[in-house]
Amino acid sequence: MGTFTHTPAPTAEELAARAIATKRSAFVDERAANVAQIKVTTAAGNTFDGDETSQNRMARFVAMADEADTIRWVLADNSVIQANKAELKEALTLAGKAQAQLWVEADE
């Protein structure tokens, strides 16, 4: 014959911990979706994708390029420009600031 094991109901503390974990997980998922949608517009009027992958690409170019270097860049609307280091640095800074605003959960 089978056995029966009684599992006690979760305590109030366990339920509260689960609720906090669920809320945090939802925030992290929403934050990731919002970061993926970041778009920033530079002073030159060009709108760049500002998601983490785009920020990484910008950072690599900014880190290695000389001031006069340019690179072909696909903008958020899929148009292509010849971007220079200064504009990519500006876009990277704007995207980083936008991400920082999303990163910390607001107090309720």
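Residues numbered from 1 in each chain as written. Predicted model: local features only at pLDDT ≥ 70, side-chain atom pairs only at ≥ 80, totals over all residues. Heavy atoms only, no water.

*Asks:* Whenever I open this one, the side chain of Ser54 confuses me. Can you help?
*Replies:* Mapped onto the fold, Ser54 is located in helix H2 (residues 52-64). Discounting chain neighbours no more than four positions away, the residues touching Ser54 are Asp49 and Trp73. (Helix = DSSP H or I, 4+ residues; strand = E, 2+ residues; numbered from the N terminus. Contact = heavy atoms within 4.5 Å.)

*Asks:* Before we go on, may I ask you to explain the packing of aromatic side chains in this structure?
*Replies:* The description of two aromatic rings rests on the distance between their centres and on the angle between their planes. Inspection of every chain in the model, using the stated rule, returns zero aromatic pairs. Stacked on the ring of Trp103, the Lys or Arg Arg31 has its end atom at 3.8 Å from the ring centre. (Phe/Tyr/Trp six-rings, centres within 6.5 Å; stacked < 30°, edge-to-face > 60°. Lys NZ or Arg CZ within 6 Å of the ring centre and 35° of its normal.)

*Asks:* Can you help me understand the packing of helix H1 (residues 12-36) against helix H3 (residues 85-103) in this one?
*Replies:* Between two packed helices, both the angle of their axes relative to each other and the distance between the axes serve to describe the pair. Put simply, H1 and H3 touch, their axes get as near as 10 Å, and they point 165° apart. The orientation of H1 relative to H3 falls into the category roughly antiparallel. Taken as a pair, H1 and H3 cross one another with a handedness that is right-handed. For the pair H1 and H3, contact is made by Phe27, Arg31, Asn34 and Val35 and by Gln99, Leu102 and Trp103, respectively. (Axes fitted to C-alpha atoms, helices over the stretch in contact; angles between N-to-C directions. Parallel < 35°, antiparallel > 145°, perpendicular 65-115°, else oblique. Left-handed = near helix turned anticlockwise from the far one by under 90°.)

*Asks:* What is the right way to read the pairing of strand S4 (residues 80-84) from this model?
*Replies:* Each regular strand carries side chains that alternate between the two faces of the sheet. Alternating positions in S4 separate cleanly, Ile81 and Ala83 being buried on one face and Val80, Gln82 and Asn84 remaining unburied on the opposite face. Examined bridge by bridge, strand S3 (residues 70-74) and S4 share five bridges and lie antiparallel to one another. The partner of Val74 across the bridge, within S4, is Val80. Here S3 folds back onto S4 in antiparallel fashion, the turn holding five residues, of which Asn78 has a positive phi close to 70°. (Buried < 20%, exposed > 50% of the residue type's maximum accessible area, 1.4 Å probe, protein only. Pairing = 2+ DSSP bridges.)

*Asks:* Would you explain the pattern of salt bridges in this entry?
*Replies:* In this structure the tally under the stated criterion is two salt bridges. Ionic pairing is found between Lys39 and Asp49, a salt bridge with its closest N-O pair at 2.9 Å. Residue Lys39 is located in strand S1 (residues 39-41), and its partner Asp49 is located in strand S2 (residues 47-49); the two are separated by 10 residues in the primary sequence. Under the relative-accessibility criterion, Lys39 is labelled partly exposed at 45%. (Salt bridge = Lys/Arg side-chain N within 4 Å of Asp/Glu carboxyl O.)

Such coordinate-based values are descriptive only and should not be taken to indicate function.
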